[in-house]
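Secondary and tertiary structure notes
Each chain is listed here by its residues.
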Amino acid sequence: MAATRTQLSQAYPIDSRIDDDGRLQLGGCDAVELAREFGTPAYIVVEDDLRARAQTFVEAFRARTKDFDVLFASKAFPCTAVYRVLAAEGIGCDVASGGELALALRGGFVPARIYMHGNAKSVDELRFAREAGVGHIVVDNFDEIERLEAVVAGGPRQPVLLRVTPDVAGRTHDKISTGQADSKFGFSMADAPAAIARLQAAGALDLVGLHMHIGSQILELEPFRRAIEAVAPLGDFGTYNLGGGLGVAYTAEQEPPRIADYVAAKVDTVNRVLGPGKRIVDEPGRALVANSTVTLYTVQSVKRNVSTWVAVDGGMSDNLRPMLYGSVYDAAVADRFGGGTACKLAGKHCESGDVIVRDVELADPRAGDVIVTPATGAYGHAMANNYNGVPRPPVVFVSQGDARVVVRRETYEDLSARDVE
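So, here is what we can say about the structure in this document.

Definitions and cut-offs
Residues numbered from 1 in each chain as written. Predicted model: local features only at pLDDT ≥ 70, side-chain atom pairs only at ≥ 80, totals over all residues. Heavy atoms only, no water. Helix = DSSP H or I, 4+ residues; strand = E, 2+ residues; numbered from the N terminus. Rg over C-alpha atoms; globule rule 2.2 N^0.38 Å. Buried < 20%, exposed > 50% of the residue type's maximum accessible area, 1.4 Å probe, protein only. Areas by Shrake-Rupley, 256 points an atom, 1.4 Å probe, with all protein chains shown as cover. Lys, Arg positive; Asp, Glu negative; His and termini not counted. Charge placed at Lys NZ, Arg CZ, Asp CG, Glu CD. Arc of directions from axis to C-beta. Contact = heavy atoms within 4.5 Å. Polar contact = N/O pair within 3.5 Å; in protein donor to acceptor, adjacent residues only side chain to side chain. Pairing = 2+ DSSP bridges. Axes fitted to C-alpha atoms, helices over the stretch in contact; angles between N-to-C directions. Core = buried A, V, L, I, M, F, W, Y, C linked by side-chain atoms within 4.5 Å.

1. Observations regarding the overall build of the protein chain
Counting its regular elements, the protein chain contains 13 helices and 20 strands. Computed over its C-alpha atoms, the radius of gyration of the protein chain comes to 22 Å, within 12% of the 22 Å expected for a compact globule of 421 residues. Principal-axis analysis of the C-alpha atoms places the extent of the protein chain at approximately 65 × 55 × 40 Å. Taken across its 421 residues, the protein chain has 57% of its residues classed as buried. Total accessible area computed for the protein chain in this model is approximately 17,400 Å², and 48% of it derives from carbon and sulfur atoms. Taking the 44 positively charged and 55 negatively charged side chains of the protein chain as two groups, their mean positions are separated by 2 Å.

2. Description of helix H4 (residues 98-106)
The complete set of buried residues in H4 reads Gly 98, Glu 100, Leu 101 and Ala 104. Across the axial projection of H4, the buried residues extend over an arc of 155 degrees, all falling on one side. Those residues of H4 that are buried are in contact with helix H3 (80-88), strand E6 (92-95), strand E7 (114-116) and helix H5 (123-132). Structurally, the start of H4 carries an N-cap: the backbone nitrogen of Gly 99 is 3.3 Å from a side-chain oxygen of Ser 97. The positive-phi residue at the C-terminal boundary of H4 is Gly 108, with phi of around 100 degrees.

3. So, the sheet that holds strand E8 (residues 136-139)
Within a sheet, adjacent strands bond to each other through the backbone by hydrogen bonds, running parallel or antiparallel. Taken in spatial order, the 8 strands close into a barrel running E5-E6-E7-E8-E9-E10-E11-E12, and their pairing is parallel. Pairs of neighbouring strands in the sheet enclose a mean axial angle of 30 degrees, with direction left out of account.

4. Here's the deal with the pairing of strand E14 (residues 308-312)
Within E14, 4 of the 5 residues are buried, which leaves it mostly tucked inside the rest of the structure. Bridge analysis of strand E13 (residues 293-304) against E14 gives 5 bridges, and the strand direction is antiparallel. Across the sheet, residue Lys 303 finds its bridge partner in E14, namely Trp 309. Looking at chain direction, E14 and strand E16 (residues 341-346) are connected through 3 bridges and run parallel. Within the sheet, the bridge partner assigned to Val 310 lies in E16 and is Leu 345.

5. A look at the sheet that holds strand E3 (residues 29-30)
One open sheet accounts for 3 strands, arranged E1-E2-E3; its pairing is antiparallel. Two strands in the sheet have a free side with no partner beyond their single neighbour: strand E1 (17-18) and E3. As paired strands, E1 and strand E2 (residues 24-26) are joined by 2 bridges and run antiparallel to one another. Each bridged residue has a counterpart across the sheet, and for Ile 18 the counterpart in E2 is Leu 24.

6. Here we look at unusual backbone geometry
The omega angle of the peptide bond from Thr 40 to Pro 41 is -5 degrees, so this bond is cis rather than trans. Structurally, Pro 41 can be placed in the loop between helix H1 (31-38) and strand E4 (42-46). A positive phi is found at Ala 375, a non-glycine position, where the angle reads about 65 degrees.

7. A look at the nonpolar core
Formed by 98 residues in total, the largest nonpolar core has its most connected members in Phe 72, Leu 162 and Val 289. With 7 residues, the top contributor of residues to this core is helix H9 (residues 259-274). Excluding residues that lie within four positions of it along the chain, Phe 72 makes contacts with Phe 77, Val 82, Tyr 83, Leu 86, Ile 91, Gly 92, Cys 93, Asp 94, Pro 284, Gly 285, Leu 288 and Val 289. Counting residues in each nonpolar core, the second largest holds 22 residues, with Leu 8, Leu 24, Phe 38 and Ala 42 among its members.

8. Considerations on H1
All buried positions along H1 are accounted for by Ala 31, Val 32, Leu 34, Ala 35 and Phe 38. Seen end-on, H1 carries its buried residues on one side only, within an arc spanning 160 degrees. Exposed residues lying more than 90 degrees from the buried face of H1 are Arg 36 and Glu 37. Measuring from the backbone nitrogen of Val 32 back to the side-chain oxygen at the start of H1 gives 2.8 Å, which picks out Asp 30 as the cap. A positive backbone phi angle near 80 degrees is found at Gly 39, which sits one or two residues after H1.

Next comes the structure, spelled out in structure tokens:
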């Protein structure tokens, strides 16, 4: 009997399927052939998935409010080609550094729809934002207010949002939780009134609203509602930037809320608690890009001691998240889906902790197999590194049977390209 796409979990890109020969198809392309053509490791991005998720977010907000903006939290996948796709789909952008701002501009985002974030923005970054015409700067602390006033002095007023921490945290890993009172981000609820007064008195700055973000990979809706309720006592503003945070499916067992339900929870709570007519801004990152992408590896060895160790040609240099905060992923042999052998999918780096998936069932794994790990679009490319001198992987876009490299694989020569002697 022919295999069907129903065997794939929602961790995989939209319209991925298993063909009649049992091989994974991504954007109309054979995963094993992609590995042969472009080498491994490689990030494979299904372009139509990116576009579809962007459209779903925009349509969900449009169905519930007239005044809104959806921004790409670009730290999730700071790749020029990704920026270009999302800009073309009508998404705005948030950036957290001068480098991300440069990429966003290169990727075609209109400066007026870029929001500049960061808890430690330098004077140079603030100047760059001003020179570029960035629409909004999200103010994080009192020191930044002084720096920004000096940068803006003598020029047009700069629209700003004040970032507050509402002392609400969703159930997620501590390292990606940002809404608790003891956070490096934003003003506490106790300090926010003084910061609001300071900005309202600043002639060079125009406080247009509040910003908050309680964390990412949140799979419940109630924390988002509670965060909006928490900031209501701070005053009445025209704009509320609600951050992002919607979680995604990394494995078949995970069931994130639907985008429409996430949007409804936020918009309806704003209308109920803060009143109608507010401009609502949201900043999905992970939820826009994570499931658009898979990473392909090639098995180098299968070793059996206490466990069965399947070692591939990548690891913590292309996906740091499992090592950084214990993120869980799925994996499969790209032309033999299904289980049968309990394994640990290990990377090639000189660290015992370099394990991509600690417990996974693979179908009779052997050297030379192509392994696929889904849901690597968020923070894979963003956190890629050269540990052990490993060149960073390429980014390959696939759509309707065509594949093209949008970021080439690094070479050994690239590793020393910045040397000055």
